[in-house]
Amino acid sequence: MGKYWDAGIETLKFEELQKVQLERLRQTVARAGRSPFYGERLRQAGITSDSFQSLEDIRQIPLTSKDDLRAHSRDMLTVPLRDIIRVHASSGTTGQATVVYYTRTDIELWADLVARSLYMTGLRADDVFQNMMGYGLFTGGLGFHYGAERLGAMTIPAGAGNSKRQVQLMQQFATTAIHIIPSYALFLLTTFAELNVDPQDLPLRLAYIGAEPYSAETRQRIEEAYGLKAYNCYGLSELNGPGVAFECPEQNGSHVWEDSFLLEVLDPETLEPVGPGVVGELVFTNLTRQGMPLLRYRSRDLASYDDQPCPCGRHSRRISRIQGRTDDMIIIKGVNIFPIQIDRVLMGLPEVDANYLVELKQEGANETMVVKVEVKQDYFREDLKFLKALQKKITEALKSDLLVTPRVELVEHNSLPRGEGKAVRVVDYRVKG
Ligand code: ADP
Ligand code: ZN
C-alpha cells in the first residue's frame, strides 16, 4: 500500500478531483431528492441532477441548517428504515442533539475514511490503538473504532473517563496510539503523576486529538508531555463523524476528504464564498453518503482554507484549526472573543496548569470577564508577592491579545470542574435580554 491508503483518490490533482466531485454531486442530488425533505426543497428551487454544469452551480441549492436537521432528520432519509443499521447523535454542545442515520454502506465508507486518515499519519497494523472517546451515540468512539479495525490495528475500546484504568491499559497492552479529547489529555497527566508513571516511558507514539477547539499551544503541551506526535482530527456527526478532515504528517492544516465532502467556506453574514486564508463558516455537502446525504450543511464551525498542493502529495484543500463556532463567540463590552484565543494565551504560559474557566458576569452596569486559572503545583506557593506578580502577568497577556481586561483569579491545581467529554470553558451568568 505504501505511502497512501487509497493512492488513486488521495493523489488526484485538484482539477481531476473536481470532476469526481461534480459527478458525485449529481448523484447525491438525485439521491437526496428521494427523501421527503429534500424532495420538496429541490422541487421548490427547481433543481434536478441536471442543474449542475459546474461545482459553482451548487449555490442554487438552499443551505441546510442545524434547525432543519433537528426538526426533519427522519424526513431526510432516502431509504426505508429497514436499510438503516445504525443511528448516532451529536453531543448536543450547543442545544438539542441532532440525529443521524447510517446504512451498511455508510458505515463502511465512513470506516474507510477513518482508516485512510489514520494510515496517513503512520498508524499501521502493528500498532496498539487505545480509543479513549465515549462510545455510544457520540460518533468519536465507534467511528474511530471501526476505522482502526479496518486498518488492522489492535483496538482497545477503552471509552471515556476512568483515568487510572486508562493508564493501566496503556501499560498492560503497550499502547502506541491514542484517541483522546485534548483537554482530557492534559488532565490525564495528573493521573500519570499520581500513579508515578511517566508517559514518556511508554511506547506511545501517536495521538489523535479533536472534538473541541484547542490551540497549537495545547497540542505542543500534549506532544511534549507524552513524547509523541499529535494529529488534529475534525469531524461532525451530521456528516458521519470523525474523518471529515485530518492532519497529514506535515501538521500544517487538515486535509478535507474532498472526494467525500464538498467544502464551501462562506462569510457567515453575507453567505458569499471567501478566498483562501480568510476565516469563514464551513459548509459541507456529502458526496458519497447513501441513507441521509446532507446538502450544503452549515456546520457553524469557523476556519480558513489553503488550496496549495501539500508536500505530502495530496491536493485536497486543507483547513486551518477551527477558530470556534459561530455560537461560541463571546461578546463582552462590544468586543468579540473566541475561547481559543484564551486557550492560546494561557497554554503558552509555563506557570499555568491544564485547566481554566471563563465566567461572564453582569455586575451592576458592568460586564466582567472572570478567568479562573489553575496554577501548577510548583508555582502555587504561599508567597503572596509571587502570586500577585503572576496574576498581573496573566492579566496583561490576556489583555494584549483580547483587548479586554479580564479579572484573573488563580486557583489551585486540579480544583476546577472537569468532565470526561468536551471541556466546558465558558459559563455565561449574564441575564439575556
Ligand atoms: P456537537 O456539535 O453537539 O458538539 P459533535 O459531537 O458532532 O456534536 O461534534 C462536532 C463538533 O465538534 C464540530 O462541529 C466542531 O465544532 C467540534 N470539533 C470536532 N473536531 C474538532 C477539531 N479538531 N477542532 C475543533 N473543533 C472540533
Ligand atoms: Zn498533506
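Residues numbered from 1 in each chain as written. Chains lettered and ligands numbered in written order. Predicted model: local features only at pLDDT ≥ 70, side-chain atom pairs only at ≥ 80, totals over all residues. Heavy atoms only, no water.

1. A few points about the coordination of the zinc ion (ligand 2)
In an ideal tetrahedron of four donors about a metal, each angle is 109.5 degrees. In an ideal octahedron of six donors, the angles are 90 or 180 degrees. Selection criterion: Here a donor is an N, O or S atom found within 2.8 Å of the metal, or within 3.2 Å if the metal is Na, K or Ca; sites may look incomplete because water is not among the atoms. Any coordination sphere not matching a tetrahedral pattern (four donors, all angles between 85 and 135 degrees) or a square planar or octahedral pattern (four or six donors, opposite donors over 155 degrees apart, other angles between 65 and 115) is reported as irregular. Every helix listed is a DSSP run of H or I at least four residues long, and every strand listed is a run of E at least two residues long, numbered separately from the N terminus. Burial status follows relative accessibility: with a 1.4 Å probe on protein chains alone, a residue under 20% of its type maximum counts as buried, one over 50% as exposed, and anything between as partly exposed.
For the zinc ion (ligand 2), every protein donor is listed as Cys 248 (SG), His 255 (NE2), Cys 310 (SG) and Cys 312 (SG), and the spread of their distances is 2.1 to 2.3 Å. Considering all 4 donor atoms around the zinc ion (ligand 2), angles at the metal cover 103 to 117 degrees and the coordination shape is tetrahedral. The sequence pattern describing where the donors of the zinc ion (ligand 2) fall on their chain is C-x6-H-x54-C-x1-C. Note that Cys 248 is positioned in the loop between strand S8 (241-247) and strand S9 (254-256) and Cys 310 in the loop between strand S13 (305-306) and strand S14 (318-319), a separation of 62 residues in sequence. Considered together, Cys 248 and Cys 310 belong to a single accessibility category, that of buried residues.

2. Things to note about the domain arrangement of the protein chain
Selection rule: Domain start and stop points were drawn from an automatic or database domain assignment. In this analysis, two residues are considered to be in contact whenever any of their non-hydrogen atoms come within 4.5 Å of each other. Here the quantity called buried area is the total loss of accessible area, with a 1.4 Å probe, experienced by two parts when brought into contact, counted for both. A pair is scored as a salt bridge if a Lys or Arg side-chain nitrogen falls within 4 Å of a carboxyl oxygen belonging to Asp or Glu. What qualifies as a polar contact is a pair of N or O atoms within 3.5 Å, subject to a donor-acceptor requirement within protein and to the restriction that residues adjacent in sequence count only when both atoms come from side chains. For this classification, Asp, Glu, Lys and Arg are treated as charged, while Ala, Val, Leu, Ile, Met, Phe, Trp, Tyr, Cys and Pro are nonpolar and the rest, including Gly, are polar.
Assigned domains within the protein chain: domain 1 (1-327) and domain 2 (330-428). Summarising the inter-unit geometry, the C-alpha centres of domain 1 and domain 2 are found 30 Å apart. Opposite the 26 residues of domain 1 that make contact, domain 2 presents 20 residues. With both chains or domains summed, domain 1 and domain 2 bury close to 1,800 Å², and 57% of this area falls on carbon and sulfur atoms. Contact with domain 2 buries area across many residues of domain 1, yet Glu 217, Arg 221 and Gln 323 alone supply 28% of it, more than any other trio. At the boundary of domain 1 and domain 2, one finds 0 salt bridges. Counting across the interface, domain 1 meets domain 2 through 9 residue pairs in polar contact (both at pLDDT 80 or more). Mapped onto the side of domain 1 that touches domain 2, the elements with two or more residues apiece are helix H8 (182-194), helix H9 (216-226) and strand S15 (324-325). Across the side of domain 1 that touches domain 2, the residue classes tally to 10 nonpolar, 10 polar and 6 charged.

3. Things to note about the side chain of Glu 247
Here Glu 247 shows up in strand S8. Side chain to side chain, Glu 247 and Arg 219 meet in a polar contact 2.8 Å long. Each residue touching Glu 247, except ones within four places of it in the same chain, is listed here: Met 120, Thr 121, Arg 219, Ala 230, Tyr 231, Asn 232, Asn 252, Gly 253 and Ser 254.

4. Here we look at the sheet that holds strand S21 (residues 426-428)
Rules: For two strands to pair, DSSP has to find at least two bridges joining them. Lines fitted to the C-alpha atoms define the axes, with helices restricted to the stretch that makes contact. Angles between their N-to-C directions range from 0 to 180 degrees.
On the basis of which strands lie adjacent, the open sheet formed by 4 strands has the order S20-S19-S18-S21 and mixed pairing. Each end of this open sheet is capped by a strand with a single partner; those strands are strand S20 (407-412) and S21. Sheet twist, expressed as the mean angle between neighbouring strand axes with direction ignored, is 20 degrees. Here 3 bridges tie strand S18 (residues 352-363) to S21, and the two strands are oriented parallel to one another. Looking at S21, one finds that Glu 359 is bridged to Val 427.

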